[in-house]
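Residues per chain are reported as follows:
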Amino acid sequence: MDSPGARDYLCAGEYLGYRLLELGVTHVFNVPGDFNLPLLDSLAKVPGLTLVNTCNELNSAYAADGFARATGGLGCCVTTFLVGALSAINGVAASYAEEIPVLSIVGVPSTRQYQGMCSLHHTLGNAEDMSQEVDCYRPVTCYQTILRSFTDARYLIDKALTKALKQRKPVLLEVCRDIPMEPHSSFGLRPPLMTPFALPRTVSDPAALEAAGAAVQRFFAGKKMPLIVAGRRVRTCQDALLKFASAVGWGLLVQHDAKGMFPEDHPSFIGCYFPGFSSPASIAHCYEAADAIFFVGTHFNEMNFGSPPDEALEQRSVVAYKQHVLVGHTDAFNGVATEELLLHLAGRLEPSSSSSSSGGILQLFKALPSDPPAFPHDPNFTAPPGVPLTLSYVYDQVQQQLLAGDEAMAVMVDTSDSMLRTHTMKLPEGTPYELQIFAGNIGWATPAGLGFSLAQQRAGRRLLVCQGDGGLQMTAGEIGNYARCGSNAIIILVNNNGYLIERYLSPIPDSGYNYLPSWDYSKVAEGMCNSSGKYKVFKVTTEAQACAAIAAAKQLRGHFVFIEVVVDKRDAAPGAAALRQGFVSRHFRIAEHQAEKNGPVDVSTAANLAMQLSYNNKNMLQAGLIIAGWDKQGGGSVYAIPLGGTLLKVPYTIGGSGSAYITGWCDKYWRDDFTEEEARAFVVKALTHAIARDASSGGCVRTVTITQAGVKRDFIPGTKLAATFGELPTPASR
């Protein structure tokens, strides 16, 4: 028998491609560049692996994220050295935050170029340091490695894949340009006869699992109103959660980022817990009434939970995520996988009984009215009466026509006003629902939807993407790829003339920065698809047109469908005014108080609000504050807030780098009976001395005089300030 020749062996790129296929990765999203061309050529040799050219590297990363969400496994993008990798890094960082495993492959210079000392294009010009890319990726990936030797390339490929899947985080795999296409015996013979990839599995420590299970049993023993709250980390243990919930029969809520991860027609399902926006309002009542809460796979952040859990909540809760279990306010266990804990507890915890004295959370929910929450009314964020089309009507049609039909669907929602509408959608069993609520990149849904739809379409599931116009302008280039790649997704593009969600978060909603260049989105979609593949584009401005377009989209099952929905710029979700009030109360609280009082706030109120801002962020803010003004209650008053957030009412105060030079002078010459002119002269002279001694104190004086009569501002250029001791006089102008 002849011994195999060199060309009988796989090359590194082929080995990587076959491994990806083995893990369910059928599409790789890429942007070609000179350093990754050999890698792309070798991946293209792998039958069944499709390379999808995206319009830019950020979209490649987003598409890989969407693919991974669709399969529950790995996504993959390929970019070129530094310029491409840095373009993709925001998408990779978002996957890191959202715990989505993505293999970010970057083609880099050859091994010889790495060893050389010549400056290369695409770099930062530092020939002595070729690690800038890895340095940038280190905070947003769980592992970074480079293929620059045939002897360990196979091992490093498998290690990178294992790290991504085990930690549910992105990894960076750099591939030197001269490595991918060279056959080598370490990769095995062709046709590929590779050792099966050993999928990583998290196994609990048996003793820790037993101890945690016993502690959880003791905690829930005798509880009358237990409740389950599931978060996005149940993505990897949905079957175990279903078995557990079915066994115990407790009521269950999903956080917004876990919607679609538990069947909504299950007897235990109550609804989506979205603090301040849960609908019906009885959801929030049930949450508050629970005497014990089992948080499963939750991630507490302000976007899906509001404020962090306080001590009272911790005392009535068990938290299980990844390999950690927290029981009450006292017990903690590590090395306990959430999936194994749920299965361990399924037959050990006492099932809920409707015959108990309280009837349990489910009975309470059934007894409460199913009314939506009462939101404040704001005409600036409400569609005016008589408009030809509202988003409420559009989403009603989506619910009735697309989500109540016989076609398997999935829903993906961009970071936009639609988040406050779609969380109340009724999802048929098995309907995935995806959003990027934590990372919160607007524009993510369109490229992520491309990856998601290409993965799910083979399983017979069609994707609906809810996208705002502001986000689309960031990532619109992938519209053409939907048609070109044969996707049958439906994109509903909301054209409301700008960043609606930013409008109701802005202190001045109509600020110019919330408006966009005017696009004719339906023509943009037509132009990008450009007769490539099967597609249909609609532009709707009335209820009749919207109803007909959605009905047509339902029938066009083999087509990509783009529907531009034109609505009034004030057509916000019902909870928009509430979200605005909550956001303003945290970030623009003085404006909120003024609105409530219908007039200026007291100086003491402004000072207290500034103090709270400083104190609550004392680890991040490195600045002293001065709050001064005049009001009817206190007359003129001055407050000092030094580093750390202490609030002091003082006769006068000074701050800034030059203050150290003039503190003694100010103490000597300060009087509490200054007239207005004397006070102003005192300030000007003090600042003149500070400027003379401190280079950071500027070269001019600006004064603001606040009295009952109003505010007077004045400016004195440095050339008009008197010379102080040791200074040369200002040269006379010629």
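Preceding this section is the structure that the text describes.
Note that this is a predicted model, so its numbers are computed, not measured.

Visitor: Would you explain the sheet that holds strand S5 (residues 144-147) in this entry?
Guide: Within a sheet, neighbouring strands are paired by backbone hydrogen bonds and run either parallel or antiparallel to one another. Taking strand neighbours across the sheet as the criterion, the six strands line up as S2-S1-S3-S4-S6-S5 in an open arrangement whose pairing is parallel. If you trace the sheet from one side to the other, it starts and ends with strand S2 (50-53) and S5, each paired once. On average, each strand axis in the sheet is tilted by 25° relative to the strand beside it, whichever way the strands run. Sheet topology note: the strand S3 (residues 75-80)/strand S4 (residues 102-108) ladder contains six bridges and is parallel. When the sheet's bridge partners are listed, Thr80 is paired in S4 with Gly107. Set on the sheet, helix H4 (residues 83-98) makes contact with S3 and S4; between it and S3 the angle comes to about 155°.

Visitor: In this structure, what is going on with the packing of helix H3 (residues 57-71) against H4? I would like to understand it.
Guide: What describes two packed helices is the angle between their axes and the distance between those same axes. For the pair H3 and H4, the least separation of the axes is 6 Å and the interaxial angle reads 30°. Comparing the axis directions of H3 and H4 gives the class roughly parallel. As H3 runs across H4, the sense of the crossing is right-handed. Within the contact between the two elements, H3 uses Glu57, Leu58, Ala61, Tyr62, Asp65 and Arg69 and H4 uses Gly84, Ser87, Ala88, Asn90, Gly91, Val92, Ser95 and Glu98.

Visitor: Could you clarify how one ought to interpret the sheet that holds strand S21 (residues 635-641) in this entry?
Guide: What the three strands build is an open sheet, ordered S20-S21-S22; its pairing is antiparallel. Of all the strands in the sheet, the pair left with one neighbour each is strand S20 (625-631) and strand S22 (648-650). Taken over all neighbouring pairs, the strand axes of this sheet differ in orientation by 30° on average, direction set aside. In this sheet, S22 lies alongside S21 in antiparallel orientation, the contact comprising three bridges. Across the sheet, residue Tyr639 finds its bridge partner in S22, namely Lys649. Packed on one face of the sheet, helix H24 (residues 603-616) meets S20 and S21 and runs near 160° to S20.

Visitor: I would appreciate a short explanation of the pairing of S4 in the present structure.
Guide: For a regular strand, the rule is simple: side chains alternate between the two faces of the sheet. Most of S4 is tucked away, with seven of its seven residues classed as buried. Neither face of S4 is open: one carries Val102, Ser104, Val106 and Val108, the other Leu103, Ile105 and Gly107, and all of them are buried. You can see the chain leave S3, run along H4 and come back into S4, and the turn it takes is right-handed. Where S4 and strand S6 (residues 171-176) come together, six bridges link them in parallel fashion. Each bridged residue has a counterpart across the sheet, and for Leu103 the counterpart in S6 is Val171.

What counts, and at which threshold
- Residues numbered from 1 in each chain as written.
- Predicted model: local features only at pLDDT ≥ 70, side-chain atom pairs only at ≥ 80, totals over all residues.
- Heavy atoms only, no water.
- Pairing = 2+ DSSP bridges.
- Helix = DSSP H or I, 4+ residues; strand = E, 2+ residues; numbered from the N terminus.
- Axes fitted to C-alpha atoms, helices over the stretch in contact; angles between N-to-C directions.
- Contact = heavy atoms within 4.5 Å.
- Parallel < 35°, antiparallel > 145°, perpendicular 65-115°, else oblique.
- Left-handed = near helix turned anticlockwise from the far one by under 90°.
- Buried < 20%, exposed > 50% of the residue type's maximum accessible area, 1.4 Å probe, protein only.
- Right-handed = clockwise from strand over helix to strand, strands pointing away.

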